[in-house]
Amino acid sequence: MEPELVALLEPSKEPGAEILVLTGAGISAESGIPTFRGKEGYWVIGSKNYMPEEMATLAMFELHPEQVWRWYLMRFGVCRSAEPNLAHRALVALENALCDRFTLVTQNIDGLHRRAGSSGARTHCIHGDAAYVRCATECGVGILPLPAIHVDAGQKDLTSEQRRQLSCPHCGGWLRPHVLWFDECYDEENYHAESALRAAQTASLLIVIGTSGATSLPMRIGVLCQQLGAAIIDINPEPNPFSAIAQRAKRGHAVRCSACKALPGIVEYLTGRGV
Ligand code: NAD
């Protein structure tokens, strides 16, 4: 490992040092799940192409709930058949070694951290988890598992059985994916936004993995950690706003390679054990 990286990691081996890890779609890219910056994201309604930033909105769900559901069910099918990779497993090893000194904040809705073994108590899914649904009218039914529904690629409309499965068992209205849409605000109840910011206030090391910095809470976390003097490591093959923060920080480093390549070595150094 580069000597600069070793020097940054060393203080986090002290008892009491807290490590915050922030992940984005890039950590799941090596599990075969496309990022939003890739070419694969768009969706066709009628003759028009829509980008994820237009599909994943409350406004679109209110206009075309079935289309939004079909898009999610197709995307979630990809997540369900993907497997956690070495980088997800490295973070489980880090959590197991650090216990309460570890917090994971993820923007991913693919459930791969959960399936790799990251604990629910120390993982904040700030954009939700696509394996769950809740009532679109917030009738109080709570958070429920996504029913097992398969949508064929060529299927234009939901079947009546699929519509029934996507109806709230309490009030009969539409269920919605338990995910934060682009035109909605972060909150604590559904997305643990305050818990994520609290972890940023006490972290002595922030490791950012595979995010383009397009959303506001992750950027606030990066800036807060920098202002409070935490060491910052960005793992991403491409330059991005977090690599810029890491390079500006007094103690920071941008590791320009993939999550699966970079993370196991870092975790091995921090824990003294192989992943
Ligand atoms: P993004 O798609 O905007 O950016 C992905 C970043 O990952 C890019 O900076 C890219 O350079 C980097 N990257 C690509 N391959 C990598 C690798 N192997 N290792 C490390 N980095 C790699 O993703 P984002 O910043 O997470 O924001 C997009 C939004 O889309 C988020 O709200 C997220 O919830 C959602 N999203 C989630 C998933 C998922 O759950 N897997 C997938 C796509 C989008």
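Computed from a prediction, not measured in an experiment: that's the story for all the values here.

### Thoughts on the overall build of the chain
Item 1. On a plain count of helices and strands, the chain comes out with 13 helices and 11 strands.
Item 2. Projecting the C-alpha coordinates of the chain onto the three principal axes gives extents of approximately 60 × 35 × 30 Å.
Item 3. Looking at the chain alone, contacts between residues at least 24 apart form 65% of all its contacts between residues at least 6 apart.
Item 4. Charge centroids of the chain, computed over 25 positive and 29 negative side chains, lie 2 Å from each other.

### Description of the side chain of R176
Item 1. Looking at where R176 falls in the secondary structure, it is placed in strand β8 (residues 175–179).
Item 2. Contacts of R176, omitting those with residues within four sequence positions, involve F61, W69, Y132, V133, R134, C135, A136, W181, E184 and Y191.

### A look at the packing of helix α6 (residues 86–98) against helix α13 (residues 259–271)
Item 1. Running from amino to carboxyl end, α6 crosses α13 at an angle of 15°, the nearest separation of the two axes being 8 Å. Put simply, α6 runs roughly parallel to α13. Two packed elements cross with a definite hand, and for α6 against α13 that hand is left-handed. On α13, the residues that touch L86, A87, A90, L91, A93, L94 and A97 of α6 are A259, C260, L263, P264, V267, L270 and T271.
Item 2. Across the contact of α6 with α13, the residue classes tally to 13 nonpolar, one polar and no charged.

### Considering the domain arrangement of the chain
Item 1. Taken domain by domain, the chain holds domain 1 (3–32 + 83–130 + 186–271) and domain 2 (39–81 + 131–179).
Item 2. The centre of domain 1, based on its C-alpha atoms, is set 29 Å off from the matching centre of domain 2.
Item 3. The interface is formed by 13 residues belonging to domain 1 together with 14 residues belonging to domain 2.
Item 4. Of the roughly 1000 Å² buried between domain 1 and domain 2, counting both surfaces, carbon and sulfur atoms make up 48%.
Item 5. Broken down residue by residue, the surface that domain 1 buries against domain 2 is led by D129, A130 and N190, which jointly contribute 45%.
Item 6. Put simply, domain 1 and domain 2 have zero salt bridges between them.
Item 7. There are seven residue pairs in polar contact (both at pLDDT 80 or more) connecting domain 1 and domain 2.
Item 8. Put simply, the parts of the chain that give the side of domain 1 that touches domain 2 at least two residues each are α7 (112–116), β6 (128–135) and α9 (188–191).
Item 9. Of the residues contributing to the side of domain 1 that touches domain 2, the split by class is four nonpolar, four polar and five charged.

### Observations concerning unusual backbone geometry
Item 1. You will see that C99, though not glycine, has its phi angle at about 50°, which is positive.
Item 2. The phi angle at H192 is positive, at roughly 55°, despite the residue not being glycine.
Item 3. By relative accessible area, H192 is classed as partly exposed at 27%.

### Some points on the sheet that holds β8
Item 1. One open sheet accounts for three strands, arranged β7-β6-β8; its pairing is antiparallel. In this open sheet, the two edge strands, each paired with only one partner strand, are β7 (144–145) and β8.
Item 2. Bridge count for β6 against β7 is two bridges, and the pairing is antiparallel. Residue pairing in the sheet places V133 in a bridge with L144 of β7.
Item 3. Contacts from helix α5 (residues 65–81) reach β6 and β8, with the element oriented near 50° to β8.

### Structural notes on the sheet that holds strand β9 (residues 205–209)
Item 1. Sheet architecture is open: six strands sit in the order β5-β4-β1-β9-β10-β11, paired in parallel fashion. Because the sheet does not close on itself, it has two edges, and the strands there are β5 (123–125) and β11 (252–255). Adjacent strand axes in the sheet meet at a mean angle of 15°, parallel and antiparallel pairs treated alike.

### Quick notes on the packing of helix α10 (residues 193–202) against helix α11 (residues 216–227)
Item 1. The N-to-C vectors of α10 and α11 enclose an angle of 20°; their axes lie 9 Å apart at closest approach. On the basis of the axis angle, α10 is roughly parallel to α11. Like other packed secondary-structure pairs, α10 and α11 cross with a definite hand, here right-handed. On α11, the residues touching A193, A196, L197, A200 and Q201 of α10 are L217, R220, I221, L224 and C225.
Item 2. Class assignment of the residues belonging to the contact of α10 with α11 gives a composition of eight nonpolar, one polar and one charged.

### Concerning α6
Item 1. Relative to the 18 Å expected for 13 residues at 1.5 Å per residue, α6 spans 18 Å between its end C-alpha atoms, a close match to the ideal helical length.
Item 2. All of the buried residues in α6 are A87, H88, A90, L91, V92, L94, E95 and L98.
Item 3. Summarising the contacts, the buried residues of α6 are in contact with β1 (19–23), α2 (26–29), β4 (102–106), α7, β9 and α13.
Item 4. Measuring from the side-chain oxygen of the N-cap residue of α6 to the backbone nitrogen of A87 gives 2.8 Å; that N-cap residue is N85.
Item 5. Note on α6: the residue one or two positions beyond its end, C99, has a positive phi of about 50°.

Rules of the game
- One numbering rule holds for all chains: residues counted from 1, following each sequence as written.
- Per-residue local features of the predicted model are confined to residues with pLDDT of at least 70, and side-chain atom pairs are confined, for both listing and counting, to 80 or more; whole-chain, interface and lining totals are unaffected and use all residues.
- With hydrogens and water excluded, all non-hydrogen atoms of the structure serve as input to the side-chain values.
- Under the DSSP-based scheme used, a helix requires at least four consecutive residues in state H or I and a strand at least two consecutive residues in state E, with every element numbered from the N terminus.
- Here, residues are in contact when the closest pair of their heavy atoms is within 4.5 Å.
- Charged residues are defined narrowly, with Lys and Arg counted positive, Asp and Glu counted negative, and His plus the chain ends left uncounted.
- To locate a charge, take atom NZ for lysine, CZ for arginine, CG for aspartate or CD for glutamate.
- Angles here are taken between N-to-C directions and fall from 0 to 180 degrees, while the axes themselves are lines fitted to C-alpha atoms, restricted in helices to the stretch in contact.
- Each angle gets one of four labels, with under 35 degrees taken as roughly parallel, over 145 as roughly antiparallel, 65 to 115 as roughly perpendicular, and the rest as oblique.
- The hand of a helix crossing depends on one turn: near helix anticlockwise from the far one by less than a right angle means left-handed, and clockwise means right-handed.
- For this classification, the nonpolar set comprises Ala, Val, Leu, Ile, Met, Phe, Trp, Tyr, Cys and Pro, the charged set comprises Asp, Glu, Lys and Arg, and every other residue, Gly included, is treated as polar.
- The source of the domain bounds is an automatic or database domain assignment.
- The term buried area means the drop in 1.4 Å probe accessible area that two parts suffer when joined, counted for both and summed.
- Any Lys or Arg side-chain nitrogen located within 4 Å of an Asp or Glu carboxyl oxygen qualifies as a salt bridge.
- Two N or O atoms count as a polar contact when they lie within 3.5 Å, although within protein this holds only if one can serve as hydrogen donor and the other as acceptor, and sequence-adjacent residues are included solely when both atoms are side-chain atoms.
- Per-residue accessibility, obtained with a 1.4 Å probe over protein chains only, is compared with the maximum for each type, and a residue is labelled buried under 20%, exposed over 50%, and partly exposed between these values.
- Note on pairing: DSSP must find at least two bridges between two strands before they are called paired.
- Expected span of a helix: the number of residues minus one, times 1.5 Å.

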